[in-house]
There are 2 protein chains.
Amino acid sequence: MSMDMTFLGTGSAYPSPHRGASAVVLRTDGECWLFDCGEGTQTQLMKSQLRAGRITKVFISHLHGDHLFGLPGLLCTVSLNTNPDIQQSLKCVDIYGPLGLRKFLRVTLGLTGSQLLFPYAVHELEPTPDQCPEEGQFSLETTAESGPPHPQEQPGRTIPLDVSSDCYLLFQDNKFVVKAFRLFHRIASFGFCIQEHDRPGRLKTEVLKELGVKPGPLYGRLKAGESVVLESGRLLLPNEVLEADIPGRKVCVFGDCSSVLGEGAFRLCHKADVLVHEATLGNEHQKKAVEHGHSTPEMAAAVARTCCARRLVLYHFSQRYKPSSLKKEEGEDDVSELKNQADKALQDCGVEVTLAEDFMTIPIPLRRPSTS
Amino acid sequence: MSMDMTFLGTGSAYPSPHRGASAVVLRTDGECWLFDCGEGTQTQLMKSQLRAGRITKVFISHLHGDHLFGLPGLLCTVSLNTNPDIQQSLKCVDIYGPLGLRKFLRVTLGLTGSQLLFPYAVHELEPTPDQCPEEGQFSLETTAESGPPHPQEQPGRTIPLDVSSDCYLLFQDNKFVVKAFRLFHRIASFGFCIQEHDRPGRLKTEVLKELGVKPGPLYGRLKAGESVVLESGRLLLPNEVLEADIPGRKVCVFGDCSSVLGEGAFRLCHKADVLVHEATLGNEHQKKAVEHGHSTPEMAAAVARTCCARRLVLYHFSQRYKPSSLKKEEGEDDVSELKNQADKALQDCGVEVTLAEDFMTIPIPLRRPSTS
Ligand SMILES: [Zn+2]
Ligand SMILES: [Zn+2]
Ligand SMILES: [Zn+2]
Ligand SMILES: [Zn+2]
């Protein structure tokens, strides 16, 4: 199964002509999962090779506008481009994010009279008070739902922290389990860990042929891990005819943060194939970065090192960092310096560092069984 | 005083890479007034010659997302680019729009923890029930304000329809009077009329010199329309030494509509220098346009003709109409056909027709006294 990741916006604070606001798409088998949705994401999608109509799940790391203001418009535009004749088959779009997100969508879609041709559900993560300074905590009055639900709003879950594992279980299906973990930022922020299940290896059909087993239901049972008795009376164990398991891939997307909170992030992100982390400002601005709840390349590198990640992708750059291909004006810096800083911090441990740019796509190849 | 108008977004329904969502800036003496603010307006502003920090007033014609979703982000970005050291001198940004706009901003800015360095006030226009079909009317529950006001939210007015004049008085100062009028659309929509005051003409200094009056306070009193007694005892009337009044300019910006409601629009927009009107679809799609609450070039032309406007500017084009400079794909039309249709409808009355394009700036020259 192919899997890749496209960065639609790599800028912090606000969208600019050179960097969109935060938005990343993880694509598997034609389904698109969107991580954050800053203003302009729908236009970035149109400029990319991706199709907005393929978005089935949305994950919002935190409620800052540069991660959220594009969501109502995106939903409206997906609906406009939906064929109403096949309405009955439209699946519910699941939206995950912090407490308050349901009200945000209810009010923005409600007051604009936005009709949607598909249902949506908002599943809210309950932050813990230590995820942000006191002034970043919302009052109950601010997050309390108000107004009628949107006609297409389906009931969503409220997901509390599982204290023993220090994480949030968002969902699992036959391919993936997706969890969230806590981060520290100016307002409560989350990261997401997408873990693909391991899959049984290839059936050694050449061995089966030698044993005289013909293609048929037995193949399926062996692949599913069952032992079978052959006509000859021989008991055949699945590991005799199966190659090693194909280990599932792991992709971790961090929201804005100046630090992780608790053990959840490190446990979940251990040996991530790809770890996407913000690097808003260079190491020389670490004090300012932390004051604003953000990270530097060195800080991101430290997280990737602790997690033993295979690849660290940096994004959410201050708009002062222009893409390397652009001519700089006074007060503007080249983003490549941020890569140098992360590379330096990781030079002894072989983590590959990548700077995300708008419209960059990163393939996430299958792991080799031997390297699992 | 110079006056011009820049179109930041000329597309309908949603922003696309070829046409931004609705946003128009009227600029006078360095102040910018923004009419509608679709998603991506802040990025369009950055690409233009205009400065977002100059925006002192915002007018929202109606609450559809393609006219509104860019407003919270725009306010945040203006604030980020505001120098906090001169905070004490920051003026309040006045925002005018339909009932519900105050709640929209309160919830979007509140839930995103958006801090602003300047105060803002929302002045809400009360629509009448006949401005839209019943299904477009908001319930009280939908528009009821909820949650605490934003720390920078100043009390705003609620502006009812003045029944006798069939319009809304938004404000007047020493240069302008701005009123709104009612339109019919899928949800309540408004148009805005910006009327510059007439100004006294040039002082005929050559005549004053002949009379022996030297530059000084007398000049100012004459210019202000006062009669003065000269040292010689002669009574000098202002019209002896003043050229004819410079008539004020009139700019009218219509929100989405399939028709105007009542007499307000026609009274206010009479002899508009510039009348900006939507033309979402071509004449051949009139039935569909009206069903969706929109106009065709012919319908826009009929309004301009009734108003005796000098110039009709069309905008808010369906995204199927690509700019003339772009190569068309299947199912795409050239926008110039919409101009042809309006020209044809106005060929006997000399109204100048202009198709707006993103980033187009239209100067609004002073009227000549003789043509007033
Ligand atoms: Zn951010
Ligand atoms: Zn943030
Ligand atoms: Zn519109
Ligand atoms: Zn509309």
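An account of the accompanying structure is given in this report. Keep in mind it's a predicted model, so treat the numbers as computed, not measured.

Applying the stated criterion to the full structure yields 38 salt bridges over all chains. The partner of Glu240(A) in a salt bridge is Arg234(A), and the shortest N-O contact between them spans 2.8 Å. For Glu240(A), a relative accessible area of 29% translates into the label partly exposed. Glu243(B) is the salt-bridge partner of Arg202(B), the closest N and O atoms lying 3.1 Å from each other. Taken together, the residues span a long stretch of sequence, with Arg202(B) in the loop between strand E11 (189-196) and helix H5 (205-210) and Glu243(B) in the loop between helix H7 (238-241) and strand E14 (250-254) at a distance of 41 residues. Overall, the relative accessible area of 40% leaves Arg202(B) in the partly exposed class. Three or more residues are tied together by salt bridges with common partners; here these are Asp130(A), Asp166(A) and Arg182(A).

For the rest of this paragraph, the subject is the coordination of the zinc ion (ligand 4). Residue and element names in this part refer to chain B. For the zinc ion (ligand 4), the full set of protein donor atoms is His-62 (NE2), His-64 (ND1), His-185 (NE2) and Asp-256 (OD), at a range of 2.2 to 2.3 Å. Here the donor residues for the zinc ion (ligand 4) map to a single chain with the spacing H-x1-H-x120-H-x70-D. Taken as a pair, the zinc ion (ligand 4) and the zinc ion (ligand 3) show a spacing of 3.4 Å, with Asp-256 coordinating each metal. Highlighted residues: His-64 in the loop between strand E4 (55-59) and helix H2 (71-80) and His-185 in the loop between strand E10 (176-184) and E11, separated in sequence by 121 residues. Looking at His-185, the relative accessible area reads 1%, which means it is buried.

Residue and element names in this part refer to chain A. Taken together, the protein donors to the zinc ion (ligand 2) comprise His-62 (NE2), His-64 (ND1), His-185 (NE2) and Asp-256 (OD), at separations of 2.2 to 2.3 Å. Positions of the donor residues of the zinc ion (ligand 2) along the chain correspond to the pattern H-x1-H-x120-H-x70-D. The distance between the zinc ion (ligand 2) and the zinc ion (ligand 1) comes to 3.4 Å, with Asp-256 serving as a donor to both metals. Of this pair, His-185 sits in the loop between strand E10 (176-184) and strand E11 (189-196) while Asp-256 sits in the loop between strand E14 (250-254) and strand E15 (259-260), placing them 71 residues apart in sequence. Look at Asp-256 and you get buried, because its relative accessible area is 2%.

Below, the discussion takes up the relation of the copies chain B and chain A. Rotating chain B by 180° and translating it 0.0 Å along the rotation axis places it on chain A, where the RMSD comes to 0.1 Å. Read as a symmetry element, the transformation amounts to a two-fold axis. Across chain B, the smallest distance between a C-alpha and the rotation axis is recorded for Gly40(B), namely 2.7 Å. Same-surface contact between copies: 100% of interface residues of chain B are shared with the interface of chain A.

Criteria and thresholds
- Residues numbered from 1 in each chain as written.
- Chains lettered and ligands numbered in written order.
- Predicted model: local features only at pLDDT ≥ 70, side-chain atom pairs only at ≥ 80, totals over all residues.
- Heavy atoms only, no water.
- Salt bridge = Lys/Arg side-chain N within 4 Å of Asp/Glu carboxyl O.
- Buried < 20%, exposed > 50% of the residue type's maximum accessible area, 1.4 Å probe, protein only.
- Helix = DSSP H or I, 4+ residues; strand = E, 2+ residues; numbered from the N terminus.
- Donors = N, O, S within 2.8 Å, 3.2 Å for Na, K, Ca; no water.
- Least-squares fit on C-alpha atoms with pLDDT ≥ 70 in both.
- Contact = heavy atoms within 4.5 Å.

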